[in-house]
Amino acid sequence: MTTAFDLAADAAAFLRKRFAGDHHIVAVLGSGWADAVGVLGAGDRCAISEVPGFKKPSALGHGGEAISLTIGSSRVLVLTGRTHFYEGHGVAPVVHGVRTAAALGCKVAVLTNGAGVLREDWPIGEPVMISDHINLTGQSPMTGDNPPAPLAGRFVDLTDAYSKRLRAIARGASPMNEGVYLGLHGPHYETPAEIRAARSWGADLVGMSTVLEVIAARHVGLEVLALSLPTNLAAGISPTPLSGEEVIAVGKKSAARAGEVLRAVLSAIDAAA
Ligand code: HPA
């Protein structure tokens, strides 16, 4: 039987051939970040849908490419979009990118997303760092058969899910606010009552991605750094109704700043390697 890990190995073999060799870091560009890729520099590219197991991202504002570029001495695989659980394909395609990256030799995953923010003092469009998460998707990438040896078992430890080491490096490269990300199923936005509950649980940010990828990434031994672009105040705090178009518009306006922060962070991770 072909497992999700076999499919990731096939995808890695494809990328290794297409981009001539292994990579060190994977960067996943979520809502609001796809336009930041221009700041990262030129690279070799292919359509993500050509790579085994990947779907063309259907979420608004997501690109559909795999790009191989070099930052310092690091080879960086950039995925300009992601598959969300709410797209209805199950959990495996959502985490295929990080599993593929690990099979391609990556040791670090830098995951980005657009998020609603519960902190009125955090500027919209200014990237922040995720320090921990609350997974309310009701899903886990670790259900089903125990992963085949030599992979670790299914009971993934998430104590240090968002690497303290990488957060210190990122902070040094670009000082940022840090907070807890609440991952929800979506694709509808939250009610004001849900946001009040989220606040009482200690959430600073809300979104519909990232948490499942982080769990899968930790399972395959990737060190994780995650950045959010606050695109709107959360429901009930925002003076205006929420919309996907607003998220995209903020991403477009913030592309240069998001790209600058991402480049600084990726360069600092390279320098510390
Ligand atoms: N809620 C959930 N996901 C989001 C939001 C939000 O307010 N903004 C961007 N992604």
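Everything that follows concerns the structure shown earlier in this document.
Quick caveat, the model's predicted, so the values are computed rather than measured.

A. Here's a closer look at the environment of Ala 9. Mapped onto the elements of the fold, Ala 9 is located in helix H1 (residues 4–18). The exposure class of Ala 9 is partly exposed, given its relative accessible area of 37%. For the pair Ala 9 and Ala 102, spaced 93 residues apart in the sequence, the C-alpha separation amounts to 9.0 Å.

B. Representation of the pairing of strand E9 (residues 223–233) in the model. Most of E9 is tucked away: eleven of the eleven residues are buried. Judged from the ten bridges that link them, strand E5 (residues 108–117) and E9 form a sheet pairing that is parallel. From the neighbouring strand, Val 117 faces E9, where its bridge partner is Leu 233. Inspection of the sheet shows strand E6 (residues 128–136) paired to E9 by two bridges, in the antiparallel sense. Looking across to E9, one finds that Val 128 is bridged to Ser 228.

C. Structural context of the site of the ligand. Close contacts around the ligand come from Gly 114, Ala 115, Gly 116, Tyr 189, Glu 190, Val 206, Gly 207, Met 208, Thr 231, Asn 232, Leu 242 and Val 247, and that covers them all. Between a nitrogen atom of the ligand and a main-chain N or O atom of Gly 114, the distance comes to 3.4 Å. Between the ligand and the protein, one listed contact pairs a nitrogen atom with a side-chain N or O atom of Glu 190 at 2.8 Å. Notes on the ligand: free accessible area 260 Å², of which the protein chains cover 95%. For the shell around the ligand, the secondary-structure elements that each account for two or more residues are E5, strand E8 (205–207) and E9. Element by element, the count of residues in the shell around the ligand is highest for E5, at three residues. Split by residue class, the shell around the ligand holds six nonpolar, five polar and one charged.

D. Geometry of unusual backbone geometry. Going from Ala 149 to Pro 150, the amide bond is cis rather than trans, its omega being 5 degrees. Mapped onto the elements, Pro 150 comes out in the loop between E6 and helix H4 (164–173). Look at the link from Gly 186 to Pro 187: it is a cis peptide, with omega at 0 degrees. Position of Pro 187 among the secondary structure elements: in the loop between strand E7 (178–184) and helix H5 (192–200). Of note, the phi angle at Thr 210 is positive, near 75 degrees, even though the residue is not glycine. Within the element layout of this structure, Thr 210 appears in the loop between E8 and helix H6 (211–219).

E. Quick look at H4. If you check which residues of H4 are buried, you get Leu 166, Arg 167, Ile 169 and Ala 170. Down the axis of H4, the buried set is contained in an arc of 160 degrees. They therefore lie on one face. Relative to its buried face, H4 has exposed residues pointing more than 90 degrees away, namely Lys 164 and Gly 172. Packed against the buried residues of H4 are E5, E6, E7, E9 and helix H7 (244–272). With a side-chain oxygen positioned 3.2 Å from the backbone nitrogen of Arg 165, the residue opening H4 is Ser 163.

Quick notes on the rules
Residues numbered from 1 in each chain as written. Predicted model: local features only at pLDDT ≥ 70, side-chain atom pairs only at ≥ 80, totals over all residues. Heavy atoms only, no water. Helix = DSSP H or I, 4+ residues; strand = E, 2+ residues; numbered from the N terminus. Buried < 20%, exposed > 50% of the residue type's maximum accessible area, 1.4 Å probe, protein only. Pairing = 2+ DSSP bridges. Near = heavy atom within 4 Å. Polar contact = N/O pair within 3.5 Å; in protein donor to acceptor, adjacent residues only side chain to side chain. Areas by Shrake-Rupley, 256 points an atom, 1.4 Å probe, with all protein chains shown as cover. Nonpolar A, V, L, I, M, F, W, Y, C, P; charged D, E, K, R; others polar. Arc of directions from axis to C-beta. Contact = heavy atoms within 4.5 Å.

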